[in-house]
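Here's the letter readout for the chains.
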Amino acid sequence: MADKKIEEGAVEVNNDFEGLDLTPNQLRLKKLEIEMNKHIDEKIMENPEKMPLAVWYIIPNELGERFCYYGLTPILKNFLKYQLGYLDKVDANQMYHIFQGLCYYTPILGSLLSDSYLDKFKTIVILSSLYVFGFGLLTITSWPTIMGVETTKLARVGPLLGLLCITLGTGGIKPCVSAHGGDQFLDVQKYGLQKFYNYFYMAINTGALVASYASPAIQKKTFYTVPNDTLALWEKAEVRPTGNGYPQAFLMLTVFMAAALGVFVAGFKTYRVVPPTGKFILIDIFKVAGAYWTNRSKLGKEEGYKKTCEDHTEGMVTEMMDLGKVIMAIWPAPIFWMAFNQNGTVWQDLGDQMLIPFGGVAESSFFDSATVNNIWNPFFIIILAPIFANWLFPMLDKKFGPEKFGLMQRMIAGQFLAGATFILAAVIQKSVNANCFDNASLDVCRSSTSILWQILMYFCITLSEVLFSISGLNFCYIEVGKRTKSFCAALWLFTVGTGSFLTKALLAWTLGADNTTWTRETFFYLVAGMCFGSAAIQYVISRSYVPKALRPTAHL
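The rules behind each value
Residues numbered from 1 in each chain as written. Predicted model: local features only at pLDDT ≥ 70, side-chain atom pairs only at ≥ 80, totals over all residues. Heavy atoms only, no water. Helix = DSSP H or I, 4+ residues; strand = E, 2+ residues; numbered from the N terminus. Rg over C-alpha atoms; globule rule 2.2 N^0.38 Å. Contact = heavy atoms within 4.5 Å. Areas by Shrake-Rupley, 256 points an atom, 1.4 Å probe, with all protein chains shown as cover. Axes fitted to C-alpha atoms, helices over the stretch in contact; angles between N-to-C directions. Parallel < 35°, antiparallel > 145°, perpendicular 65-115°, else oblique. Left-handed = near helix turned anticlockwise from the far one by under 90°. Patch = residues over 30% accessible without salt bridge, like charges linked within 9 Å, V, L, I, M, F, W, Y side chains within 5 Å. Salt bridge = Lys/Arg side-chain N within 4 Å of Asp/Glu carboxyl O. Core = buried A, V, L, I, M, F, W, Y, C linked by side-chain atoms within 4.5 Å. Buried < 20%, exposed > 50% of the residue type's maximum accessible area, 1.4 Å probe, protein only. Polar contact = N/O pair within 3.5 Å; in protein donor to acceptor, adjacent residues only side chain to side chain. Disulfide = S-S within 2.5 Å. Phe/Tyr/Trp six-rings, centres within 6.5 Å; stacked < 30°, edge-to-face > 60°. Lys NZ or Arg CZ within 6 Å of the ring centre and 35° of its normal. Expected span 1.5 Å × (residues − 1). Bend = angle between axes of the 7 residues up to and from the residue. pLDDT = per-residue confidence, 0-100.

*Asks:* Can you tell me about the overall build of the protein, naming the residues and giving the values?
*Replies:* Counting its regular elements, the protein contains 22 helices and 0 strands. For 556 residues, the compact-globule estimate of 2.2 N^0.38 gives 24 Å, and the C-alpha radius of gyration of the protein, at 25 Å, lies within 12% of that figure. For the protein, the C-alpha atoms occupy an extent of roughly 75 × 50 × 45 Å along the three principal directions. Pairs at least 24 apart in sequence give 83% of the contacts found in the protein among residues at least 6 apart. With an accessible surface of roughly 24,500 Å², the protein has 64% of that area assigned to carbon and sulfur atoms.

Written out as structure tokens, the structure is:
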């Protein structure tokens, strides 16, 4: 019985390539994959309804890694601001967005390494080790007693180098871990694959939710005496930092990342491995693209296409063209991420002004700005994502058809809702400034407006994220060929990084400019307008975009 199932699985795998004009290297890699994983595939096919053992090493690893990343981000801006001295204008915000941008640019590196030269397992282990090293370096160089200095007198080089290593680690493994999880399933396990990604997504947000509270709770504790000159500098800058337990929080994250790596490595004997191509995958894509445009300029569109297919196979030409179409479809995405990524900086600045409810204080309240600005997004994701995926979207598809509110239409709705959220943020900022009770300057003064209003902002921006981000990831997966799925996922993450750098530039041009007349309220209105403009552009693109499933080359 098991042999029959294995034979059926192999037939189904081969059927995926029927009608596809493959290169010799593509055929070689396919045969190598079957040969390398024969023993594991036999075990899987003994009970294909059961989840492969390997995923129970991958899911805890992802939970631990996301715990570390989302444990770092809620305290990073204040660490840069109060411990490393980035107090001027919006310097800490800009440094935060540089870090975040690099975290989402480096997935390109990870995807190319894994697909071209290293397999996903080796890539994840190497870059995760760099990740652990980065956290360890950040912990040591931010620990005043270890470095022999007073708190707030730390040198910047060590912590910034540690953060750079973290960006290379977390970004490099991003497109590899989820793809490596998908590689553990055979084609006959389509239901199991869907189940895995549900668990995987829950692990991400569970790690984010717990870390968003645990890390700030440690950071808010006071372990060191702040020097008098630093206190005077903070008073002059009209800032009121809480706690200095940053190195203790970083130590916790270092231990968790090391444990996550250990769990992942422990499962190495259970993993299916997809061999790399052995050459730089972008060379193939650019070579085919160059040949296509050369032939098209000489022979016309149809004849140029046929000539390129004859020289490079139709499968490679279709692969290149599908990737190009997706790139042209998602280029407005950085505007959404430019808006969304502000929840860790400008939105937190707004929260710092607002009143903590129920008589709480920043040192111990669950509703301080750092916690509110990092816990509610993953909380709402855990609630909203299953509702949309399991009920709302299927209901809309059944009632109106998938083409009426498809992936790109959902992305448009998400961008529009993001714009509406920033109008709400501007209204709340106006109320905050109107209800200040001290004599501090605008956008810094303490207000009687409750920080609970920010929860409404987070509900709206999370709703837009569910519409835009999850749909965009799905779009990038199903609209390209098999060899470029990891690379296309990395390109989607690249748009996130670009959004962070756009935020940095926008902050420098507006709130951070010399003698600026911009207020946070007017800045929020500007961002809202940019989101509405991005939604309009996405709508125009959607009018002419033909989904891959409806193209003549859909079988390739």
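Having put the structure on the table, let's press on.
*Asks:* Any details on the packing of helix α16 (residues 333–340) against helix α20 (residues 453–478)? Residues and values, ideally.
*Replies:* Axis separation between α16 and α20 bottoms out at 12 Å; the angle between their running directions is 155°. In terms of orientation, α16 and α20 fall into the roughly antiparallel class. Between α16 and α20 lies a crossing of left-handed hand. Contact with α16, carried on its side by Ala333, Phe336, Trp337 and Phe340, involves Ile461, Ser464, Glu465, Phe468 and Ser469 of α20 and no other residues of that element.

*Asks:* Describe the packing of helix α19 (residues 407–434) against α20, listing the residues and the values that go with them.
*Replies:* The contact between α19 and α20 brings their axes to 8 Å, and the two run at 160°. As judged from the angle between their axes, α19 and α20 are roughly antiparallel. Considering only the axes of α19 and α20, their crossing is left-handed.

*Asks:* Explain a nonpolar patch on the surface to me, using residue names and the numbers behind them.
*Replies:* Residues Phe379, Ile383, Ile387, Trp391 and Met395 make up a contiguous nonpolar surface patch of about 460 Å² in total accessible area. Looking at the element boundaries, Met395 is found in helix α18 (residues 369–400).

*Asks:* Run through the nonpolar core, naming residues and quoting values.
*Replies:* Judged by nonpolar contacts, the single largest core of 130 residues is most densely connected at Leu72 and Phe524. With 12 residues, the top contributor of residues to this core is helix α4 (residues 55–83). Among all residues touching Phe524, those that are not within four sequence positions of it are Gln342, Val346, Trp347, Leu350, Phe422, Ala425, Ala426 and Gln429.

*Asks:* Now, about the side chain of Thr139: what can you tell me, with residues and values included?
*Replies:* Here Thr139 is to be found in helix α7 (residues 120–141). Looking at Thr139, its side chain comes within polar contact range of the main-chain oxygen of Phe135, at 2.8 Å. Apart from the residues within four sequence positions on either side, Thr139 is in contact with Pro247, Phe250, Leu251 and Thr254.

*Asks:* I'd like a description of the state of the cysteines, backed by residues and values.
*Replies:* Taken as a whole and judged by the stated rule, the model has 1 disulfide. Each sulfur of the disulfide joining Cys436 and Cys445 lies 2.0 Å from the other. Around the S-S axis, the bridge from Cys436 to Cys445 shows a dihedral of about 50° and counts as right-handed. Between Cys476, a free cysteine, and Cys488, which holds the nearest cysteine sulfur, the sulfur-to-sulfur gap is 4.0 Å. The class of Cys488 is buried, set by a relative accessible area of 1%.

*Asks:* Please give an account of the packing of aromatic side chains that cites residues and values.
*Replies:* Enumeration according to the criterion identifies 30 aromatic pairs in this entry. Joined through ring pairs, the aromatic side chains of Phe336, Trp337, Phe340, Phe468 and Trp492 make up one cluster. Between the NZ or CZ atom of Arg156 and the centre of the ring of Tyr86, over which it lies, the distance is 3.9 Å. We note Lys174 situated over the ring of Tyr69; from NZ or CZ to the ring centre the distance is 4.9 Å.

*Asks:* Tell me about helix α9 (residues 157–183), and please be specific about residues and values.
*Replies:* The end-to-end C-alpha distance of α9, which contains 27 residues, comes to 40 Å, matching closely the 39 Å that a straight helix rising 1.5 Å per residue would cover. Of all the bends in α9, the largest measures some 40° and sits at Lys174, one to four residues before the proline Pro175. Burial analysis of α9 places 21 of its 27 residues in the buried class, the great majority of the element.

*Asks:* Provide a residue-level description of unusual backbone geometry, including the pertinent values.
*Replies:* Across the chain, the bulk of peptide bonds are trans and the bulk of non-glycine residues have phi less than zero. Phi angles above zero are rare outside glycine, and Asp443 is one such case at about 70°. By the secondary structure assignment, Asp443 is in the loop between α19 and α20. With a phi close to 55°, Asn515 is a non-glycine residue in the positive phi region. Structurally, Asn515 is set in the loop between α21 (485–509) and α22 (520–544).

*Asks:* Now, about the environment of Pro275: what can you tell me, with residues and values included?
*Replies:* Among the secondary structure elements, Pro275 is positioned in the loop between α12 (246–266) and α13 (281–299). Separated by 161 residues in the primary sequence, Pro275 and Ser114 place their C-alpha atoms 8.8 Å from one another. Not counting chain neighbours up to four residues away, the residues in contact with Pro275 comprise Leu29, Leu32, Glu33 and Met36.

*Asks:* Lay out the environment of Ala505 in plain terms, naming residues and giving numbers.
*Replies:* With respect to the element layout, Ala505 can be found in helix α21. For Ala505, a relative accessible area of 45% translates into the label partly exposed. As a C-alpha pair, Ala505 and His97 span 408 residues in sequence and 9.6 Å in three-dimensional space.

*Asks:* Break down the confidence of the model for the protein for me, with residues and values.
*Replies:* For the protein, per-residue confidence averages 83 on the pLDDT scale, and residues scoring 70 or more make up 91% of the total. Taken together, the stretch residues 1–16 has pLDDT below 50 and engages in 14 contacts with residues farther than four places along the chain or on a different chain.

*Asks:* Give a description of the side chain of Asn205 that names residues and reports values.
*Replies:* Note that Asn205 resides in helix α10 (residues 190–219). Given a relative accessible area of 8%, Asn205 falls into the buried group. Setting aside residues no more than four positions away along its own chain, Asn205 makes contact with Pro378, Ile381 and Ile382.

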